[in-house]
Structures are given as C-alpha cells and as structure tokens.
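Each chain, letter by letter, is given below.
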Amino acid sequence: MPLIPSHIATPVPTPRPRVSATSTSTPAPSPVSNCVIYSNEATLVPAKNGGLAAPYGPAPVSTEAQQLTQQLFQLINQDRAACGLPPFAWNATLASGALLHSWNMYHCGFSHTCPDGMTQYQRIANEGFAGSSDCGENIGLAGPYPTPWGGVYSVQESMAHEPLGGWHRIHLFSTTLHQIGIGIYVAPNGWLWFTEDMLS
C-alpha cells in the first residue's frame, strides 16, 4: 500500500498537481495486452456509526464543477470500455461524499484522511455502505492549465496510465468495483480538487 501523504492543516494550502489512491489488498496483475484488468478485493470497510465531517460547511456546487464532473465520469467509462469492462454506474450518494471530501481537502490539505483522520473506508461506510466490503478512492489536484478540463484530463490520464500495480489504475480498471461518485471543487485560484469514490 502506498504511503498516504502526511497532512498539515493550514487555512490555505499551497497546491501542487498530485494524485493519490489507497487500498489494502495486494494486486497481482498479469498483462495480456495494453489493458490490464484487476479483480482484486479492495478491503473490508469497517462499519462505524456517525456522519461525514463537514467542519467547513456544506460543499458549494457550481455549474463549471458539475460539467467537469460529467466529463470526467464519461472519460473514466470510455477508458473502461476500451478495455472491455462495463461502465461504472453513477452513485449520487458517493458523489455527494466525494464533493464534500474535495471541499474539505481545499481547506485542510491533500489527504485521504482530511479533515478528521477518518479513512476513506470509514467515510464510505458512514454514507450508508457499511455492508459493502469492496471500495476504493482516488484523489487528484490539478494546477492551472489552459483550460480547467485540460487540468482534470491530464491528472486523470496519469492515473489511468500509471505503472502496473498503481492503486489509481487498480481502482479504475477493477472488475469488483461497479459504482462511482465523483466530486470536483474548483477553487477561486483555478486549482481543481477532485475525489473519485468507488464501491462494489
């Protein structure tokens, strides 16, 4: 499992283009073509009672962010289709939690455990999915590009084409994850914070 970047709570983090994914299983992909499909079980989601942390209030929703979210959802499913995989189904509950996490990261830093130390597995369980045993999360931060979509596209494609065994790629091309929710927050400085939560 890759190390989760350490997180320091600051009112205004200094963003850098970054991507991160976590899971706890050990992948064993064997390439047969340009497409590598993963059938690993990700992790047991620990059931924990409680809601989602929102210390900065509810996440704002903008028309631009909604459009970018739709484009990203289509891109992810196009990449899956190119590898012979069925599309992810959209899950509005996961999307709402993903948007809140992107908003929280804008305030407290680029981390799966921002703002309160709760893991993504606990957050997803707290959204009402405590009975699910397979989930994953990718997070990204895209710097100013000529266009907002150019930034999202660049970071997303780096996740989809990372080396074999990379957790972003495992999540995106999993055969055991079937639902996705995506949340993008467009910061006033043009940086794009995004979260992709996936569930079996």
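Source: prediction; values computed, not measured.

1. Some thoughts on the overall build of the protein
On a plain count of helices and strands, the protein comes out with five helices and five strands. Walking the protein from its N terminus toward its C terminus, one meets helices and strands in the order β-α-β-α-α-β-α-α-β-β. Counting across all 200 residues of the protein, residues that qualify as buried make up 53%. Excluding contacts between residues fewer than 6 apart, the proportion of contacts in the protein whose partners are at least 24 apart in sequence is 78%. Summing over all exposed atoms, the protein offers an accessible surface of approximately 8,800 Å²; the carbon and sulfur share of this is 58%.

2. Some remarks on the packing of helix α2 (residues 92-108) against helix α3 (residues 120-129)
The relative placement of two packed helices comes down to the angle between their axes together with the axis-to-axis distance. The N-to-C vectors of α2 and α3 enclose an angle of 140 degrees; their axes lie 10 Å apart at closest approach. Overall, the two elements α2 and α3 adopt an arrangement that is oblique. Here α2 runs over α3; the crossing is right-handed. Contacts from T93, L94, G97 and H101 in α2 reach R123, I124, E127 and F129 in α3.

3. So, the pairing of strand β5 (residues 192-199)
Counting buried positions along β5 yields eight of eight residues, so the element is predominantly enclosed. Going residue by residue along β5, you find L192, F194, E196 and M198 tucked away on one face and W193, T195, D197 and L199 tucked away on the opposite face as well. Note: strand β3 (residues 135-142) against β5, eight bridges, orientation antiparallel. By the bridge assignment, E137 is partnered in β5 with D197. One ladder, built from eight bridges, connects strand β4 (residues 179-186) with β5; its direction is antiparallel.

4. Quick word on the side chain of Q156
Checked against the element boundaries, Q156 lands in helix α4 (residues 148-160). For Q156, a relative accessible area of 1% gives the class buried. Excluding anything up to four places from it in sequence, Q156 contacts L72, L75, I76, L172, F194 and E196.

5. Topic: helix α1 (residues 63-82)
Residues separated by three or four positions in an α-helix point in the same direction, a consequence of the helix having 3.6 residues per turn. Given a rise of 1.5 Å per residue, 20 residues ought to cover 28 Å, and the 29 Å separating the end C-alpha atoms of α1 matches this to within 8%. Taken together, the buried positions of α1 are A65, L68, T69, L72, F73, L75, I76, N77, D79 and R80. Among the residues trailing α1, G84 stands out with phi positive, at a value near 75 degrees.

6. Considering α3
Buried residues dominate α3, accounting for nine of its 10 residues. Within the sequence span of α3, burial applies to Q120, Y121, Q122, R123, I124, A125, N126, E127 and F129.

7. As for the state of the cysteines
Counting across every chain of the model gives two disulfides. A sulfur-sulfur distance of 2.2 Å marks the disulfide that ties C35 to C83. Here the S-S torsion is close to -75 degrees, and the disulfide linking C35 with C83 is therefore left-handed. Taken as a pair, C35 in the loop between β1 (18-22) and α1 and C83 in the loop between α1 and β2 (89-90) lie far apart in primary sequence, 48 residues in all. Judged on exposure class, the residue C35 and its partner C83 are both buried. Two residues share a disulfide in this structure: C108 and C114, whose sulfurs sit 1.5 Å from each other. On the sign convention where negative is left-handed, the bridge of C108 and C114, at about 50 degrees about the S-S bond, is right-handed. C114 carries the same exposure label as C108, and that label is buried. Here the cysteine-cysteine linkages of the protein are recorded as 1-2, 3-4, numbering only bonded cysteines and doing so in sequence order.

Procedures and definitions
- Residues numbered from 1 in each chain as written.
- Predicted model: local features only at pLDDT ≥ 70, side-chain atom pairs only at ≥ 80, totals over all residues.
- Heavy atoms only, no water.
- Helix = DSSP H or I, 4+ residues; strand = E, 2+ residues; numbered from the N terminus.
- Buried < 20%, exposed > 50% of the residue type's maximum accessible area, 1.4 Å probe, protein only.
- Contact = heavy atoms within 4.5 Å.
- Areas by Shrake-Rupley, 256 points an atom, 1.4 Å probe, with all protein chains shown as cover.
- Axes fitted to C-alpha atoms, helices over the stretch in contact; angles between N-to-C directions.
- Parallel < 35°, antiparallel > 145°, perpendicular 65-115°, else oblique.
- Left-handed = near helix turned anticlockwise from the far one by under 90°.
- Pairing = 2+ DSSP bridges.
- Expected span 1.5 Å × (residues − 1).
- Disulfide = S-S within 2.5 Å.

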